[in-house]
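# Topology and contacts: notes
If you want the building blocks of each chain, they are given just below.
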Amino acid sequence: MNKFFICYLKIVFLIFVSLMTISCSSFKTEIVQQKNQKWRLSSVSVYPKGESWSVQGMLSSYSSFGLPEGYVLISITSVEGTIVETKQVRYRKFMGTSRWSRNRFGRAFFYSEFDFIPKDAFVTAELIAVSGLME
């Protein structure tokens with residue numbers, strides 16, 4: 001076999017394993033959408049980072065224009081239904097490097113760290129948009 005093909009298979013395998021470890025989480029995530037919003041929460045992920053837990057996600061839109069001023073409200077709810085912790089997280093717009101990726105789709109990211117998340121907790125993310133547009 002060609003050694004470039006073997007190297008290619010190793011890279012594909014490593015990418016597959018890393019994606020599986022990131023997507024496998026013991027926490028249930030929920031996305032709460034607002035009606036009539038051009039920008040929507042498209043993903044939320046929870047994963048361990050050393051002693052703490054990281055919660056990150058992405059907002060998306062069909063257009064890169066008109067990102068509203070606001071924040072993402074992240075709530076950690078225990079199995080019993082009590083709210084353990086909430087955080088308001090600012091999001092930032094992603095700008096691609098090429099002309100096509102800059103103007104084709106809108107993407108914004110958010111990230112937050114939590115010291116402790118109970119086992120089998122619910123992680124809820126909600127986009128809170130206030131009037132006005134981000135600059």
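Residues numbered from 1 in each chain as written. Predicted model: local features only at pLDDT ≥ 70, side-chain atom pairs only at ≥ 80, totals over all residues. Heavy atoms only, no water.

### Topic: the overall build of the chain
Along its length, the chain carries two helices and eight strands. Overall, the chain shows an N-to-C arrangement of helices and strands of α-β-β-β-β-β-β-α-β-β. In the chain, which comprises 135 residues, the proportion classed as buried is 28%. In the chain, the share of contacts with a sequence separation of at least 24, taken over all contacts with a separation of at least 6, comes to 64%. On the chain, roughly 9,300 Å² of surface is accessible, and the fraction owed to carbon and sulfur atoms is 60%. (Helix = DSSP H or I, 4+ residues; strand = E, 2+ residues; numbered from the N terminus. Buried < 20%, exposed > 50% of the residue type's maximum accessible area, 1.4 Å probe, protein only. Contact = heavy atoms within 4.5 Å. Areas by Shrake-Rupley, 256 points an atom, 1.4 Å probe, with all protein chains shown as cover.)

### Some words on the nonpolar core
Within soluble globular proteins, side chains that are nonpolar tend to cluster in buried spots. Of all hydrophobic cores here, the largest spans 20 residues; its most connected members are V55, L59, V72, I74, Y91 and F110. Listed by contribution, the elements that provide at least two residues to this core are β2 (40–49), β3 (52–61), β4 (68–77), β7 (106–114) and β8 (122–133). (Core = buried A, V, L, I, M, F, W, Y, C linked by side-chain atoms within 4.5 Å.)

### Things to note about unusual backbone geometry
Look at D120: it is not a glycine, yet its phi comes out positive at around 60°. When you line up the elements, D120 lands in the loop between β7 and β8.

### Notes on the environment of K87
With respect to the secondary-structure elements, K87 resides in strand β5 (residues 83–89). Using a relative accessible area of 26% as the deciding quantity, one classes K87 as partly exposed. Between the C-alpha atoms of K87 and V72, which are 15 residues apart in sequence, the distance is 8.2 Å. Beyond its immediate sequence surroundings of up to four residues, K87 is in contact with V72, L73, I74, S112, E113 and F114. For K87, the side chain forms a polar contact with the main-chain oxygen of E113, separated by 2.3 Å. (Polar contact = N/O pair within 3.5 Å; in protein donor to acceptor, adjacent residues only side chain to side chain.)

### Comments concerning the layout of surface pockets
Empty space within the largest pocket amounts to approximately 150 Å³. S43, S45, Q56, G57, M58, R90, R92, F109, F110 and Y111 are the residues that line the largest pocket. Listing elements by their share of the lining of the largest pocket, those giving two or more residues are β2, β3 and β7. Its residues placed into classes, the lining of the largest pocket shows four nonpolar, four polar and two charged. (1 Å grid on protein atoms, 1.4 Å probe; cavity = no way out; pocket = protein on both sides within 12 Å on 5 of 7 lines; lining within 4 Å. Points joined across faces, edges and corners; volume = space filled by probe spheres on them. Nonpolar A, V, L, I, M, F, W, Y, C, P; charged D, E, K, R; others polar.)

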